[in-house]
Amino acid sequence: MPFAAIGFASVVSMIPGVYLFRMASGLLQITSQSQTTLELLGATAADGLNAAIIILAMSFGLIVPKMAIDYFSARFARPSD
């Protein structure tokens, strides 16, 4: 496997990582403080939602083209009668 493929995969997996770390930090702050602010709750929820949306978008970006390629390659590979 080429080095570029390994490097690209490791960088792409870090994209939602920042939001996951921010969400984890927010959750730790929420559990350790007696007074949680609405701003902290909102930022933690927003970071978690951003990470989830990025992961879903990356999944769809990989799955949908693969399904389309499989569908069209099977359709054109069949001999026509």
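This text gives an overview of the structure that appears in the document. Predicted model only: the values in this text are computed from it and were never measured. Throughout this description, residue numbers start from 1 for each chain and increase along the sequence as written. Only residues with pLDDT of at least 70 are given local features in this predicted model, and only at 80 or more are side-chain atom pairs given and counted; all residues enter the totals for whole chains, interfaces and linings. The basis for the side-chain values is all heavy atoms of the structure; hydrogens and waters are excluded.

### What about helix H3 (residues 38–77)?
Quick reminder of the rule: Numbering of helices and strands starts at the N terminus; helices are DSSP runs of H or I of at least 4 residues and strands are runs of E of at least 2. Expected span of a helix: the number of residues minus one, times 1.5 Å. For each residue, the accessible area found with a 1.4 Å probe, counting protein chains only, is set against the maximum for its type, and the residue is called buried under 20%, exposed over 50%, and partly exposed in between. Throughout, a contact is declared for two residues whenever any of their heavy atoms are within 4.5 Å.
Taking 1.5 Å of rise per residue, the 40 residues of H3 would be expected to cover 58 Å, and the 58 Å separating its terminal C-alpha atoms lies within 8% of that figure. All of the buried residues in H3 are Leu40, Thr44, Asp47, Gly48 and Ala51. Lining the buried residues of H3 we find helix H2 (17–32).

### Digging into the pattern of salt bridges
To keep things clear, this is the line we draw: By definition, a salt bridge exists where a carboxyl oxygen of Asp or Glu is found within 4 Å of a side-chain nitrogen of Lys or Arg.
Under the criterion given, the structure shown has one salt bridge. Lysine 66 serves as the salt-bridge partner of aspartate 70, at 3.0 Å between the closest nitrogen and oxygen. Residue aspartate 70 and its partner lysine 66 are both found in helix H3; the two are separated by four residues, about one turn of the helix. Assessed through its relative accessible area of 49%, lysine 66 is described here as partly exposed.

### Quick word on the packing of aromatic side chains
Definition in use: Between the rings of Phe, Tyr and Trp (Trp by its six-membered ring), a pair exists once the centres lie within 6.5 Å; its type follows the angle of the planes, with under 30 degrees stacked, over 60 edge-to-face, and the other angles tilted.
In total, this model carries two aromatic pairs according to the counting rule given. Each ring, one from tyrosine 71 and one from phenylalanine 72, has its centre 5.1 Å from the other, and the planes form 70°; the classification is edge-to-face. A relative accessible area of 47% places tyrosine 71 in the partly exposed class. On the basis of relative accessible area, phenylalanine 72 is assigned to the partly exposed category, the value being 39%. One aromatic cluster in this structure is built from Tyr71, Phe72 and Phe76.

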